[in-house]
Each structure stands twice: as structure tokens, then as C-alpha cells.
Amino acid sequence: MQSPASAGGRILHLGLGAFHRAHQAVFLQTLHDLGDRAWTLAGGNLRPDDAATLAALRQSGGAYTLETVAPDGTRSYQRITAIQQVLPWEPDLGALIATGADPATRIVSFTVTEAGYGPLLFGALAAILRLRMEQAAGPLTLLSCDNLRHNGDRSRAGLLQFIEAAGEPALLDWVRANTTSPNAMVDRITPRPAPEVAARVQAATGVHDPAALMAESFLQWVVEDRFAAGRPAWERAGVQMVADVTPYEEAKIRLLNATHSCIGWAGVLAGHRYVHEGARDPRVRRLAFEYATNDAIPALEPSPLDLAAYRDSVLDRFGNAAIVDTNQRIVMDSFAKIPAFIVPTFRDRLAQGGSIASVAVLPALFLAFLRRWHEGRLPFEHQDQAMDEALGHALCASADPVAAFVQVEPVWGSLAGDARVVDAIRQASDRIRAFAQPA
Ligand code: CS2
């Protein structure tokens, strides 16, 4: 389905967390600031999360202040008013479903994290789509804004499976014919808002804003141009509208997210609390640089992007001290991040007949990090939704943690048990022993 021209409409966004408010809402704000107000945002949450921020946003009519910090530390403040309807959370998601089914809504976007691709999201989307079918409310684009490879295809496959399992063949046909799910790459480092942000916003603008938040100045969104019922003229706001997002998302996942994890694990082991401390620590930075240069970039080539320049810009972004992003946030959900961010580089390098010595440092760092967790020696509470804690402890307690870890099929897939991987991680573990020693 091509993108038919449209006079405008509403985007319903599910998941009013910091990332949505620092990313997609900002692109629409740019259009509003250019005088193009054809599209507006409505938003709400699928779960009763962060009720205080939702209440603050309802109070302000969806408006809030975003602080951004540039690589040189310069801070800027922007009032965001693109979200014009803040929907209340209700146990039956009534307001979200009614708004999604309204004919004026032409895009339903979402940021629910990888763990959110389950019955709650799919149930809400199915309810919206069922009503749209019954009421002839028109086609709809389903736009994932989560940091996942092929996020549109993945969310669509889950949704179709959900509807099929529910035994609704008519709805299944309607969804196939009347919706699209473009893939998109999203990028902006957005730490969890710390209390200092609201204090700085008040000092700089005079406004007391409990929904204030902070992000880096860098901002990127690359979206496949397959919209079922029109879209904002996002290209005017700097969104890259493309036919295929694959090269952008692979570069981002492997050179930004995997490198971030590397710095997060190594940073924790080296005793750092914040990402920028690791990115500026020559021992940590070297491991990240070598991973990117020796293994990740060769696996990504050929690419239409300048991968070396991308690597350098990512490492510079991580070094920005004003972002004060924590290693705790970066190492969260490591069990889901390793298969998504890191294992594909092992697979590609082995297929190329190339070395895996530098990428093997990443799981070696993770295992050393996990040992700290196992021994109760982390300086923060570690959250990993995809990790079975008993398995995590068993791996660390085993006689050969590297071999035991490489057996874990949900992490390694077809590489599970591969002797080349085991060997490379063992050698890498020796290399990083200086970090892994008790502080
Ligand atoms: C981080 C991301 O948690 C992580 O793995 O790498 O949240 C990162 O900050 C964003 O993808 C930046 O766009």
C-alpha cells in the first residue's frame, strides 16, 4: 500500500514514557513550529505505570519541557505541545480503544519495549482494529517506535498470530488488507529523568514542570514510507523516509546499542557509575573501539553508511558527561540484548571466516558482570526481565561458566554450544581479567 496523501489526522501513541516524549513528539512539534498543524498526537499508557507523570501531563494538557544537552554541554529548553490529548489509564483501556477506533485516528504508534510485545499490546490493537472494521473507520498504520530490529514486521507478526489464535478470520483478513506496519529505526539517548532535570528547567524557564525530561541533542528517525492512511510531512522535520530501514537499524543495533552494552558492563566492572566515565576510560573505550572496528564494521559491510564515522560519533555521544546516563540503565535486560545486539555479529563473522576475538569480549564482560550480580556485589539493583534468575545463578556457579552460557539456546540460537564461540569467549575472559577482579 502506498502512502495516500491525506489532509491530516490524529496519531494515537501507546506508551507516554520519556522516550516517546523526547523523540516522536519532538518531530511533530517541529512541524507544528513550522506552521503545519495538520496532525496531532493523543497518548496514553497500556499499564498503570508512572501515574505521577501521567497525572502531570493531564494537568498540563499534554505540554512539558524538554531539556537537551549538546556534546559541548550546552543545554537548551523546548516546550513541547504536540501531544494534545492525554488519555487516562483505565483497566479496560476504554479511552485508548475508542480513540484508536475514531476515524480521525490514522496512525497508532507505540513504545512498549521488547517485553511489551505480548497480549496486552496485541489485545489493545485487536480491539481497536475490530471496532474500525465494524464501524468502517478506515485503514490504519501501526507504527512501532521500539528499538528492535524490524520492529514493524515483528509487531505485525505477533498481532496477526494473536488474532488468528483468537479465532477471528474476518478480522485477520481486514487487518491484512487495511493496515501497514512500517519498520523504523529510532535514536536518541534519553536517560530516566532525574530530579535535577525539573530543578534546572525551573531555574532556566521559571516553570515548575513535574513532567520535564532530558535527552541528548542528537535525534534520528528513519522510517519506511508505507503508510495506510497518510502521515505527517515528517521529512520537513528531518525524519528520513526510506524504502528499507535495514542498513540503518543494523548499524544502530551493532555500533550503538552493542557498544553501549560493552561500555556498560566494562564500566560496572571498572567501578564506574555513569556511561560517560567508561567511554572516557581508555581501557574501556579501547574494548568498545576494537569490537566496533575489528568485528562489527566488517560484518556490516558493504553498507551505504560511513560506518567508521558513525562509530566515532557514537563513541563521542557516549562520552558526553552532561547526559549522566547510568550503567544500570544500559545493562538492564542484558539477556534480551545479547541475542539482539551481539549474536548476529558472531554469526556473520563466522560465516565470513573472520575473527571473532573482539566481539567475544562482550559476552566475556557480561559473564564477569553476571558474576558480580551472582555474588551480590553490584552497587545497584539489576533488572533483567528476560533472565531466569535461577539460570543466571546456575551459570555462575557452574564449573565452566563460559561453556554453560554458550549452551543457552534462547541467547545463542543456532550457535548454541559452538566450540569456536566458547574458545573465543574463554580467551576474551583472560584478556579482561584485570577488570573482572574484585575491586
Ligand atoms: C541503550 C539504548 O538500553 C540500551 O541498550 O543502548 O536505550 C539507547 O540509549 C537508545 O537506543 C538510543 O537511541
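Quick note: structure is the one above.
The structure presented is a predicted model; accordingly, all values stated were derived computationally and were not measured.

(A) Main features of the side chain of Q220. You can see Q220 is positioned in strand β11 (residues 220-224). With residues near it in sequence (within four places) discarded, Q220 still touches H23, F27, M185, V186, D187 and Q240.

(B) Examining the packing of helix α5 (residues 119-134) against helix α6 (residues 151-165) more closely. In contact at an axis separation of 9 Å, α5 and α6 are set at 70° when each is read in the N-to-C sense. Considering the angle they form, α5 stands roughly perpendicular to α6. Residues P119, F122, G123, L125, A126 and L129 of α5 form the contact with α6, whose participating residues are S155, G158, L159, F162 and I163. Across the contact of α5 with α6, the residue classes break down as 8 nonpolar, 3 polar and no charged.

(C) Layout of the sheet that holds strand β5 (residues 83-86). Within the open sheet, the 6 strands sit side by side as β5-β2-β1-β6-β7-β8. Their pairing is parallel. The sheet terminates laterally at β5 and β8 (179-180), the two strands that pair on one side only. Across 6 bridges, the pairing between strand β1 (residues 9-14) and strand β2 (residues 39-44) is parallel. Within β2, the residue paired with G9 across the bridge is W39. Packed on one face of the sheet, helix α2 (residues 24-33) meets β1, β2 and β5 and runs near 155° to β2. Sheet strands in contact with α6 are β6 (105-110), β7 (140-144) and β8, and its direction is about 115° off that of β7.

Reading the values: the criteria
- In this numbering scheme, every chain counts its residues from 1 along its sequence in written order.
- Since the coordinates come from a predicted model, pLDDT governs what is reported: local features require at least 70, and pairs of side-chain atoms require 80 or more to be given and counted, while whole-chain, interface and lining totals use all residues.
- Processing note: side-chain calculations cover all non-hydrogen atoms of the structure and skip hydrogens and water entirely.
- Runs of H or I in DSSP of at least four residues are treated as helices and runs of E of at least two as strands, each being numbered from the N terminus.
- Between two residues, a contact is recorded if the distance between any of their heavy atoms is within 4.5 Å.
- As a rule, the C-alpha atoms of each element are fitted with a line to give its axis, helices using only the stretch in contact, and angles between N-to-C directions run from 0 to 180 degrees.
- For this classification, under 35 degrees means roughly parallel, over 145 means roughly antiparallel, 65 to 115 means roughly perpendicular, and everything else is oblique.
- Three classes are used: nonpolar for Ala, Val, Leu, Ile, Met, Phe, Trp, Tyr, Cys and Pro, charged for Asp, Glu, Lys and Arg, and polar for all others, with Gly counted as polar.
- Following DSSP output, two strands are said to pair if at least two bridges run between them.

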